[in-house]
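Coordinate inspection notes
Here is how the chains run, residue by residue.
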There are 2 protein chains.
Amino acid sequence: MTTPINDQIKTPAKNFKIVIEYDGASYAGWQRQKTDRTLQGEIENALRTMTRTKINLIGSGRTDAGVHALGQVANFHCQTRLEPVDFFKGLNSLLDDDIVIRGCERVPDTFHARYDAKGKTYRYHIHNHKLPVAVGRQYVWYIRHPLDIQAMQQAAAGIVGEYDFRAFEGAGSPRAHTVRTVWRAEIQKVADSAVEFEIEANGFLRFMVRNIVGALVAVGCRKISPEAFAGILAGKDRTKAPPTAPPQGLFLVAVHY
Amino acid sequence: MTTPINDQIKTPAKNFKIVIEYDGASYAGWQRQKTDRTLQGEIENALRTMTRTKINLIGSGRTDAGVHALGQVANFHCQTRLEPVDFFKGLNSLLDDDIVIRGCERVPDTFHARYDAKGKTYRYHIHNHKLPVAVGRQYVWYIRHPLDIQAMQQAAAGIVGEYDFRAFEGAGSPRAHTVRTVWRAEIQKVADSAVEFEIEANGFLRFMVRNIVGALVAVGCRKISPEAFAGILAGKDRTKAPPTAPPQGLFLVAVHY
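Residues numbered from 1 in each chain as written. Chains lettered and ligands numbered in written order. Predicted model: local features only at pLDDT ≥ 70, side-chain atom pairs only at ≥ 80, totals over all residues. Heavy atoms only, no water.

Overview of unusual backbone geometry
Residues and elements named next belong to chain B. Rule in force here: Put simply, DSSP marks the helices as runs of H or I at least four residues long and the strands as runs of E at least two long, and each gets a number from the N terminus on.
Positive phi, close to 65°, is recorded for Phe207, a residue that is not glycine. Inspection of the secondary structure puts Phe207 in the loop between strand 9 (194–201) and helix 5 (208–220). Of note, Arg222 is a non-glycine position whose phi angle comes to about 60°, a positive value.

Set out below in structure tokens:
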């Protein structure tokens, strides 16, 4: 006679891909931690509740504390009879309302959310006005100084291409390889007081987007020239770059496979 | 010799008008309370800090717990040498970042934010999609059922004019006069999953907008017909109306003088 447990063992392992939206305000970032509440930790807990097994959720990459996502991607392997629709509904009912599972599908066993990612799109929201906002302040970096958009656009154009982005890497988290290819880097005034920066690249170093935004805002405030911005990139020296932009304006928009 | 206190007494009283934006999520509404944190209470505390006198802030009207404002208006009388720009800067630096003073000006002594208000504009945000949102969920009512916008528009058109709105008044807070004139009541699909209701009237009963929205959503979900909606208004019986819409989707947009 087949017990449920034997049955579970005989069920072939499946690989599931999920697309996740989250408001990062209440999380200590993506990566599981022993004490703090994290995105990976919360979703793994919900998966454990659903499957009664410990599941390792593989994210496309980490987002830092306070950073949001509209389309983070992750995958997990699981021996289960559950179908994608079950995880889709089950996770959404178990998770808090600041995490929404936007989709779930079966993928080939070999699919790996991090290794297979060909690139990512990030967006950064700036509120540029003489007054801050109360409504939506959780999702913007407030800059009072009128930004010189043209100068920022000129500087942003200079990071499109294959470069060593070491100058924009976060301190204390060096990677062996710091060369990345940026496909697109656009600054746009999308409304009277809203400025958006969108960047697409084959990969990002830790704090890279926020460090680039910090430097672009320095250009916009005319603290440094577009030429000085280009010099920071070329100099490959993190200590020469302006301060890092705060996390709440940053959104991981999409992961490309 | 003139002491500062005598000087203060001799300074003629001035009347100041302020325009306020706030995120109502952390407040027990507008009206000052002994224990809970309220908008009026917080701003009065800041005014007291600035002027060292107890100031009575007169709002254009109360907003309920969890309701937001982009353009709430209030006034206060104060014997002070401070100018509008001082209150503008001082209040914004004293208040938490979920309250922004958008403007401050001197007004004639007779100006009264409540009595002189000729009308108000409210907006209500609905997120209508098979999935909720994580980012911005604080500012919408999530409705999963696809809304019949045309039926809602038909129903909304029926409240434009002078009517007794008793059927949409909150229970337990009756007014002697329940006739109001609605100048405009518009339902619009502003994006794929965003539906907005905007209403302008010479005055509003307590919970009136949220009760109207609750009934309009019942129409949109085809629980009641536009004709039944009209019947609720005509029937003047609160117990016949569908449930009240939640506060977080509601914004006081402007007060008209």
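Describing the packing of helix 2 (residues 39–51) of chain A against helix 3 (residues 84–94) of chain A
Residues and elements named next belong to chain A. As a reminder, the rule being used: Fitted lines through C-alpha atoms serve as axes, helices being fitted only where they are in contact, and the angles separating the N-to-C directions of these axes extend from 0 to 180 degrees. An angle below 35 degrees is read as roughly parallel, one above 145 as roughly antiparallel, one from 65 to 115 as roughly perpendicular, and any other as oblique. It is the rotation of the near helix from the far one that decides the hand of a crossing: anticlockwise by less than a right angle makes it left-handed, clockwise makes it right-handed. The contact criterion used throughout is that any non-hydrogen atoms of two residues lie within 4.5 Å. Only Asp, Glu, Lys and Arg are considered charged, only Ala, Val, Leu, Ile, Met, Phe, Trp, Tyr, Cys and Pro nonpolar, and every remaining residue, Gly among them, polar.
Closest axis-to-axis distance for the helix 2/helix 3 pair is 10 Å, and the angle between their directions is 120°. If you check the angle between helix 2 and helix 3, you find them oblique. Our pair here, helix 2 against helix 3, has a crossing hand that is right-handed. Of helix 3, the residues touching helix 2 (which contributes Ile43, Ala46, Leu47, Thr49, Met50 and Thr51) are Asp86, Phe87, Gly90, Leu91 and Leu94. Partitioning the contact of helix 2 with helix 3 into residue classes produces seven nonpolar, three polar and one charged.

Some thoughts on the relation of the copies chain A and chain B
Convention followed: When the copies are superposed, the least-squares fit draws on C-alpha atoms of residues that have pLDDT of at least 70 in both.
Superposing chain A onto chain B takes a rotation of 180° combined with a translation of 0.0 Å along the rotation axis, leaving an RMSD of 0.0 Å. Considering both components of the superposition, the chain copies are consistent with a two-fold axis. Relative to the rotation axis, the C-alpha of Gly136 of chain A is the closest in chain A, positioned 3.8 Å from it. A share of 100% of the interface residues of chain A reappears at the interface of chain B, consistent with the copies meeting face to face through the same patch.

A look at the domain arrangement of chain A
All names here are of chain A. Basically, it comes down to this: Residue ranges assigned to the domains are those given by an automatic or database domain assignment. Once two parts are joined, some of their accessible surface, as seen by a 1.4 Å probe, is lost; buried area is that loss totalled over both.
In terms of domains, chain A is made up of domain 1 (13–107) and domain 2 (119–256). A straight line from the C-alpha centre of domain 1 to that of domain 2 covers 28 Å. Contact residues are listed per partner, giving 15 residues for domain 1 and 16 residues for domain 2. Between domain 1 and domain 2, roughly 1,100 Å² of surface is buried when both sides are summed, and carbon and sulfur atoms account for 55% of that area.

Observations regarding the pattern of salt bridges
All names here are of chain A. What counts here: What makes a salt bridge here is a side-chain nitrogen of Lys or Arg within 4 Å of a carboxyl oxygen of Asp or Glu, nothing more.
For the structure on display, the rule yields 34 salt bridges over all chains. With a closest N to O distance of 3.0 Å, Lys240 and Asp237 form a salt bridge. Several salt bridges converge on common partners, so that one network encompasses Arg123, Arg184, Glu186, Glu196, Glu198 and Glu200.

Considerations on the interface of chain A and chain B
Selection rule: Definition of a polar contact: a pair of N or O atoms within 3.5 Å, with one able to donate and the other able to accept a hydrogen when the atoms are protein atoms, and with sequence-neighbouring residues admitted only if both atoms are side-chain atoms.
Taken residue by residue, the interface counts 25 residues in chain A and 25 residues in chain B. Both faces considered, chain A and chain B share a buried interface measuring about 1,700 Å² in area, 60% of it formed by carbon and sulfur atoms. Area buried by chain A at its contact with chain B is led by Leu131, Val135 and Arg137 of chain A, which between them contribute 32% of it. Summed over the shared surface of chain A and chain B, the number is four salt bridges. In this structure, the salt-bridge partner of Asp97 of chain A is Arg137 of chain B, at a minimum N-O distance of 3.3 Å. In this structure, the connection of chain A to chain B is made through 14 residue pairs in polar contact (both at pLDDT 80 or more). With four residues, strand 4 (residues 99–107) of chain A is the largest single contributor of residues to the side of chain A that touches chain B.

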